[in-house]
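Coordinate analysis (summary)
Chain by chain, the residues:
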Amino acid sequence: KTFAAFGVYGTCAVTAITAQNTEGVAAVAPLAADLVVAQIESVASDIDLHATKTGMLATPAIVEAVAAAIEALRLPLVVVDPVMLAKSGDRLLDDDAILTLRNELFPRALVVTPNIPEAEILSGRSISSLEDAREAARRIHGMGPAAVVVKGGHADGPDIVDLLFDGERFMEFRTPRIASSNTHGTGCTLASAIATGLAQGLSTIDSISRART
């Protein structure tokens, strides 16, 4: 829906079957890694791809397979949404998969978009302030991506501050919090919207800014 809203044709490779609704994820069944790769290869052999976005990758084997496919097929402009936790707090990625994510996928990413709980896991530090988020972003950037966006939706306060770090400078994107119960999938939506901007030739900063709007 996000790709279509921006006038982009979205393709996909399914990594897991989930039982979920607007409240959260109830059950997950990962697919075999070779089937995930077969989907990627099938799409890439037929359709000219302009940007790439990953979501929930479920297992170390899938993470490793997706990273290898990105490398082998030279998939462009990779946005990694490091989905680790369901809205309920349940872990969707185990420690081995997170390590593979950091070592294999992040170095191939243009943008990584963790929320605050995910950034805490990745950076190994708690985040209770913007300065904490900056330090977490520095640590995650050191894992290889060109840019990191630490999403601020889990922080308290009337405003949401998303923090971008590109290795040289920080940029804060600040907007009033919207009172809504329709919040399941916001991180996936934002990462997808960033990918559409990159696919359409926008810069990283302009893609993020438009995606948030």
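To keep things clear, this report deals only with the structure shown in the data block. None of the values given here were measured: they were computed from a predicted structure. (Residues numbered from 1 in each chain as written. Predicted model: local features only at pLDDT ≥ 70, side-chain atom pairs only at ≥ 80, totals over all residues. Heavy atoms only, no water.)

**Details of unusual backbone geometry**
Basically, it comes down to this: By definition, any uninterrupted DSSP run of H or I lasting at least four residues is a helix, any uninterrupted run of E lasting at least two residues is a strand, and each is numbered from the N terminus. Between buried and exposed lies partly exposed: a residue is buried under 20% and exposed over 50% of the maximum accessible area for its type, with that area taken using a 1.4 Å probe on protein chains only.
At Arg 74, a position not held by glycine, the phi torsion is positive, near 55°. Examined against the element boundaries, Arg 74 turns out to sit in the loop between α3 (60–73) and β4 (78–80). Residue classification places Arg 74 among the exposed residues on the basis of a relative accessible area of 73%. Even without glycine at this site, Leu 77 takes up a positive phi of about 45°. For Leu 77, the location among the structural elements is in the loop between α3 and β4.

**Brief notes about the state of the cysteines**
Put simply, the rule is: Count a disulfide wherever a pair of cysteine sulfur atoms falls within 2.5 Å.
Under the definition given, this model contains zero disulfides. There is no disulfide at Cys 12, and the cysteine sulfur nearest it, in Cys 188, is 13 Å away. A residue is classified by how much of its surface remains accessible, and Cys 12, at 56% relative accessible area, is exposed. By relative accessible area, which is 35% here, Cys 188 ends up partly exposed.

Limitation: the analysis is restricted to geometry and does not speak to function.
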